[in-house]
Amino acid sequence: MYDKPIRVRIAPSPTGNCHVGTARTALYNYLFARKNGGKFILRIDDTDTKRNSIESEEGVLEGLRWVGLDWDEGPDVGGPYGPYRQSERLDLYHKYVQQLLDEGKAYECFCTPEELAAEREAQNARKEDPRYSGRCLHLTQEEKDAFRAEGRKAAIRLRVPDDKISFHDVIRGMVESDGALMGDFVIQKSDGIPLYNFATVIDDHVMEISHVIRAAEHISNTFPQVVIYRALGWELPEFAHLVLLLNPDKTKISKRKGAVYLGEFAAMGYLPEAMLNFNAFLGWNPGGEELQEILTKEELIELFSLERCTQSNAVFDPVKLDWMNGMWIRKLSASEVAERVLPFMQKAGMIGPVSEDQMLYLTKLISLIHERLPRLDAAPESLSYFYCDWSVDEVALDLFASKKQTPSDIVMLLKRTLDLLLQTEFAAEPMEAAMNQLCDDMQWKKGDFFMPLRVAFTNRKVSPPLFHTMELIGRARVIARMEMAIAALEK
RNA sequence: GGCCUCUUCGUCUAGUGGUCUAGGACGCUGCCCUCUCACGGCGGUAACAGGGGUUCGAAGCCCCUAGGGGCUACCA
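Peer 1: Looking at this structure, how should I read the sheet that holds strand E3 (residues 106-109)?
Peer 2: Here three strands make up an open sheet; going across it, the order is E3-E4-E7 and the pairing antiparallel. Looking at strand neighbours, the two that pair on one side only are E3 and strand E7 (185-188), the edges of this open sheet. Within the sheet, the average angular offset between the axes of one strand and its neighbour, ignoring direction, is 45°. Bridging between E3 and strand E4 (residues 155-158) involves four bridges; their strand directions are antiparallel. Within E4, the residue paired with Glu 108 across the bridge is Ile 156. Sheet contacts for helix H7 (residues 219-232): E4 and E7; angle to E7, the most-contacted strand, approximately 65°.

In structure tokens, the structure reads:
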């Protein structure tokens, strides 16, 4: 299918957190590699020494692992093309910078940031496009020495030929621009650190990356990168630029307009399976008339292809994520959900250290709310009345209010039900039979009959079906709560 | 501003010149199920950005316009 070995990479900067956009790009690289028997490589792009720190690398890796991705080569697992941090590959970049310098394809530039800014400003004032003038290109040795004597350090610029620049993109076809518009750009800062565009090209080539799959914001970076490939005489990899993720207002996805880090989604009770699944459909779909959207990682691998990636930006819709998360929760077994819900219950202070009995109980509770749980973090709230009691003063009297029944009607109902329960086996089925019978005998509508009972048992108007709920609340507490409700109503 | 790029229901999308009175999913909504809430089932709502071509025929090809987005650093 492909003539070269497939090698793809995700190259995040170590920012401490894993951004959804990073996760989505990583996912597509991963799916492509796994689908085609290639290698998926993780490389840390940490050449921005001002902003990055080695410690913040782990947060990114953690996020990627959380959604279920694993890589064949990377800073943590090693590999034959290492090291996998750009900050540890500086000698390599210097070697190629030197080569370009020796070949006259690059030159030293002693301009200060202030001088460059002034130049840009002047160009703007003249309504010209800001672009480096190339004034350091013809510096004599004496002039360079003079700058050095001043203490200036040189940045290195690449000479950009006035040619058309084009590359092939698997998703977008041929993309073309003109080198004449570009101006000689910096490939190495005066502190000796290479710029992103340069380091990326060197690494992608040296690591034998076959397909550069990355977000669309890099399309314009690709032009200078192509110039670098050509200067070095290297063949271009295949490119594939993925659509951008957008906020609901169509601006580029950002913090402030909602969650963007995987850690935040985890804390909100989203399942990694759902995040993965949802991300997969942001800019890709397997096609077909009746498309199946709930897919496992394995199914996605099977279905994935770069050719089916879409080409217009996609809004990250949290509402649809919620739906998909609910689907995934229902796909898991009750005990699996219980395990994942446990940390949320503990955080809410409802469960301390767990015993086997408690896990068993939690699992039973989960099976009651399983299909009512959109996110794991909703569990503590919807299970609170199983774990927490309340006093007479806290009985939610207003919830008993009804146009059809007076408080004394309700008290009567509670008393008769209480009598009945005292002589009924405390299990869902027998209670259901007995209480339905009572309802018929009293000739109340079912809704009118059961709602006050629900309020008495749970202190709320929404709960899972009553009989199993009662069974799990337990006989003593059900009875106590009924007596308490009666007392509160009679006050 | 310049360069690049994109444009089908509110959102994610199917669609590769006739099978499109444009299909699916989320959302919203009606009905059914039902002790509440959910789940589930069956319906409904809603789109080819606009204008010119090309063609017997255009959502799909070409051109223009408009709009969105990205980039425009000694950031990545």
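Peer 1: Would you take a moment to explain the protein's contact with RNA strand B for this structure?
Peer 2: If you check the shell around RNA strand B, you find 67 residues, and the closest are Ser 13, Asp 48, Cys 111, Arg 372 and Ser 463. Sugar and phosphate atoms form 76% of the subset of RNA strand B atoms that lie within 4 Å of the protein. Within the contact set of RNA strand B, a base nitrogen lies 2.3 Å away from a backbone nitrogen or oxygen of Cys 111. One nitrogen or oxygen atom from the main chain of Lys 461 is found 3.3 Å from a sugar or linking oxygen belonging to RNA strand B. Those elements giving two or more residues to the surface near RNA strand B turn out to be helix H4 (113-125), E4, strand E6 (173-178), H7, strand E11 (314-315), helix H11 (318-331), helix H17 (446-458) and helix H18 (466-473). Of the residues assigned to the surface near RNA strand B, the class counts are 27 nonpolar, 16 polar and 24 charged.

Peer 1: Honestly, the confidence of the model for chain A in this entry has me stumped. Any pointers?
Peer 2: Low pLDDT marks regions whose predicted coordinates should not be analysed in detail. In this model, chain A carries a mean pLDDT of 93, and residues with pLDDT of at least 70 account for 98%. As scored by the predictor, the complex reaches a pTM of 0.94 and an ipTM of 0.95.

Peer 1: What should I look at first to understand the packing of aromatic side chains in this one?
Peer 2: Geometrically, a pair of aromatic rings is defined through the distance of the ring centres and the angle of the planes. The full count for this structure, using the stated rule, is 15 aromatic pairs. An angle of 80° between the planes, with centres 5.9 Å apart, marks the rings of Tyr 30 and Phe 40 as edge-to-face. Taken together, the residues Tyr 30 in helix H1 (residues 20-35) and Phe 40 in strand E2 (residues 39-42) connect sequence positions 10 residues apart. In this pair, the class of Tyr 30 matches that of Phe 40, namely buried. With centroids separated by 4.6 Å and ring planes inclined at 35°, the aromatic side chains of Tyr 385 and Phe 386 adopt a geometry described as tilted. The exposure class assigned to Tyr 385 is buried, which follows from its relative accessible area of 2%. The rings of Tyr 28, Phe 281, Trp 284 and Phe 304 are connected pair by pair, giving a single aromatic cluster.

What counts, and where the lines are drawn
- Here the residue index of a chain counts from 1 through its sequence in written order.
- Ligands are numbered from 1 and chains lettered from A, in the order in which they are written.
- The predicted nature of this model means local features are confined to residues of pLDDT at least 70 and side-chain atom pairs, given and counted, to a pLDDT of 80 or more, with totals for whole chains, interfaces and linings taken over all residues.
- Remark: hydrogens and water are excluded; side-chain values derive from all non-hydrogen atoms of the structure.
- Strands are treated as partners if at least two bridges between them are detected by DSSP.
- Think of it this way: any DSSP run of H or I at least four residues long counts as a helix, any run of E at least two long counts as a strand, and we number them from the N terminus.
- In this analysis an axis means a line fitted to C-alpha atoms, helices contributing only their contacting stretch, and an angle means the value between N-to-C directions, from 0 to 180 degrees.
- Two residues form a contact once any of their heavy atoms are found within 4.5 Å.
- Think of it this way: one heavy atom of a residue within 4 Å of a molecule or strand is enough to make that residue near it.
- As used in this structure description, the phrase polar contact means that two N or O atoms lie within 3.5 Å; if the pair is within protein, one of them must be able to donate a hydrogen and the other to accept it, and residues adjacent in sequence are counted only when both atoms belong to side chains.
- Three residue categories are used. Nonpolar comprises Ala, Val, Leu, Ile, Met, Phe, Trp, Tyr, Cys and Pro, charged comprises Asp, Glu, Lys and Arg, and polar comprises the others, including Gly.
- Known as pLDDT, the predictor's per-residue confidence is scaled from 0 to 100.
- Side-chain rings of Phe, Tyr and Trp, where Trp is taken by its six-membered ring, are said to pair if the distance between their centres is within 6.5 Å; with planes under 30 degrees apart they count as stacked, over 60 as edge-to-face, and otherwise as tilted.
- The classification of residues rests on relative accessible area computed with a 1.4 Å probe and restricted to protein chains. Under 20% of the type maximum is buried, over 50% is exposed, and intermediate values are partly exposed.

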